[in-house]
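# Examination of the molecular architecture
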Amino acid sequence: GFVWLKRVVPSLKRIYVPYHPGDMAMPVNLPALEQAAQRHQVELVIKEFFSKDDLAVVLSTPPKDVQAVWQLPSPYWSDIQKDVIESAIAHKLVLKVYSSVHVKEGAMIGYGLNENELGHQAARIADKILRGSDPSKIPVEQTDFYLSLNLETARKIDMDIPEALIKEADVVIR
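Let us look at the structure shown here.

## Focus: the overall build of the protein chain
Helix and strand counts for the protein chain stand at 8 helices and 7 strands. Here the C-alpha atoms of the protein chain give a radius of gyration of 17 Å, agreeing with the 16 Å that 2.2 N^0.38 yields for 174 residues. C-alpha extents for the protein chain along the principal axes are approximately 60 × 40 × 30 Å. Taken over 174 residues, the protein chain has a buried fraction of 44%.

In structure tokens form, the structure reads like this:
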């Protein structure tokens, strides 16, 4: 996901990362982001929050010199995703998310699994097991990662996305 974000924002130097240390998923995902940021010489501005009220303050006060917001994968965001998207747009920041579903809701760039495809895959495997297949004999299926871009949001935040990148995207919201 980092490489895609750098292609959207070539001058990327600082990323704002809202972070809930008590969440089960965010602490698992943060080290990989930190490694990628170090490799690409990008500074992460990690802002901890502990409640939805804290998050409202975190979202309303991003540092002035960040160029993007990175949303760590977590179920925590599901019922407040709209607020995160609206805040990023209001501050004219690129919001990088982990799901094409959130890009369809208004985030600008997503790179990650397709939850619908993952659900279909799980259903196929469950069906095989329920029909009597030995789970140890069912082959491992790998899911693809998808690049999603929201050009509507890009226009709202005055961001030009290179045509070559648009052509590479799996999902493009126009």
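## Overview of the pattern of salt bridges
By the definition in use, this model includes 8 salt bridges. Here Arg124 and Glu141 are joined by a salt bridge, their closest N and O atoms 2.6 Å apart. In this pair, Arg124 is assigned in helix H6 (residues 115–130) and Glu141 in the loop between H6 and strand E6 (145–150), connecting sequence segments 17 residues apart. Among the residues examined, Arg124 registers a relative accessible area of 42% and is labelled partly exposed. Here Asp127 and Arg131 are joined by a salt bridge, their closest N and O atoms 2.9 Å apart. The exposure class of Asp127 is partly exposed, given its relative accessible area of 34%. Here Arg131 falls in the exposed class, since its relative accessible area comes to 68%. Because the salt bridges share partners, they merge into one network encompassing Arg14, Glu43 and Asp65.

## A short note on the sheet that holds strand E1 (residues 14–19)
On the basis of which strands lie adjacent, the open sheet formed by 7 strands has the order E2-E1-E3-E4-E5-E6-E7 and mixed pairing. Of all strands in the sheet, those bounded by a partner on one side alone are strand E2 (43–48) and strand E7 (171–173). When the angles between neighbouring strand axes are averaged without regard to direction, this sheet yields 20 degrees. Of the pairings in the sheet, the one linking E6 to E7 comprises 3 bridges and is parallel in character. Residue Leu149 lies in a different strand from E7, and its bridge partner there is Val172. Against the sheet, helix H3 (residues 52–60) engages E1 and E2, with an angle of about 170 degrees to E1.

## Observations regarding the layout of surface pockets
In this structure, the largest pocket encloses a volume near 300 Å³. Forming the walls of the largest pocket are 15 residues, and the residues nearest its centre are Gly1, Ala32, Leu33, Trp70 and Lys96. Counting residues per element, the ones that place at least two in the lining of the largest pocket are helix H2 (26–39) and strand E5 (109–113). It is H2 that contributes the most residues to the lining of the largest pocket, 5 residues altogether. Residue classes in the lining of the largest pocket are distributed as 10 nonpolar, 3 polar and 2 charged.

## Here's the deal with the nonpolar core
A general feature of soluble globular proteins is that nonpolar side chains tend to end up buried together. Leu5, Ile15, Trp77 and Leu149 are the most contacted members of the largest nonpolar core, which has 53 residues in total. If one sorts the elements of this core by residue count, H2 sits on top with 5 residues.

## With respect to the pairing of E5
Across a regular strand the side chains alternate sides, sitting on one face of the sheet and then on the other. With 2 bridges connecting them, strand E4 (residues 94–97) and E5 associate as parallel partners. Within E5, the residue paired with Lys96 across the bridge is Ile109. Regarding the hand of the β-α-β motif, the stretch spanning E4, helix H5 (residues 100–105) and E5 is right-handed. As defined by bridge partners, E5 adjoins E6 across 5 bridges and the pair is classed as antiparallel. Looking at the pairing, Gly110 lines up with Ser148 of E6.

The rules we used
- Residues numbered from 1 in each chain as written.
- Predicted model: local features only at pLDDT ≥ 70, side-chain atom pairs only at ≥ 80, totals over all residues.
- Heavy atoms only, no water.
- Helix = DSSP H or I, 4+ residues; strand = E, 2+ residues; numbered from the N terminus.
- Rg over C-alpha atoms; globule rule 2.2 N^0.38 Å.
- Buried < 20%, exposed > 50% of the residue type's maximum accessible area, 1.4 Å probe, protein only.
- Salt bridge = Lys/Arg side-chain N within 4 Å of Asp/Glu carboxyl O.
- Pairing = 2+ DSSP bridges.
- Axes fitted to C-alpha atoms, helices over the stretch in contact; angles between N-to-C directions.
- Contact = heavy atoms within 4.5 Å.
- 1 Å grid on protein atoms, 1.4 Å probe; cavity = no way out; pocket = protein on both sides within 12 Å on 5 of 7 lines; lining within 4 Å.
- Points joined across faces, edges and corners; volume = space filled by probe spheres on them.
- Nonpolar A, V, L, I, M, F, W, Y, C, P; charged D, E, K, R; others polar.
- Core = buried A, V, L, I, M, F, W, Y, C linked by side-chain atoms within 4.5 Å.
- Right-handed = clockwise from strand over helix to strand, strands pointing away.

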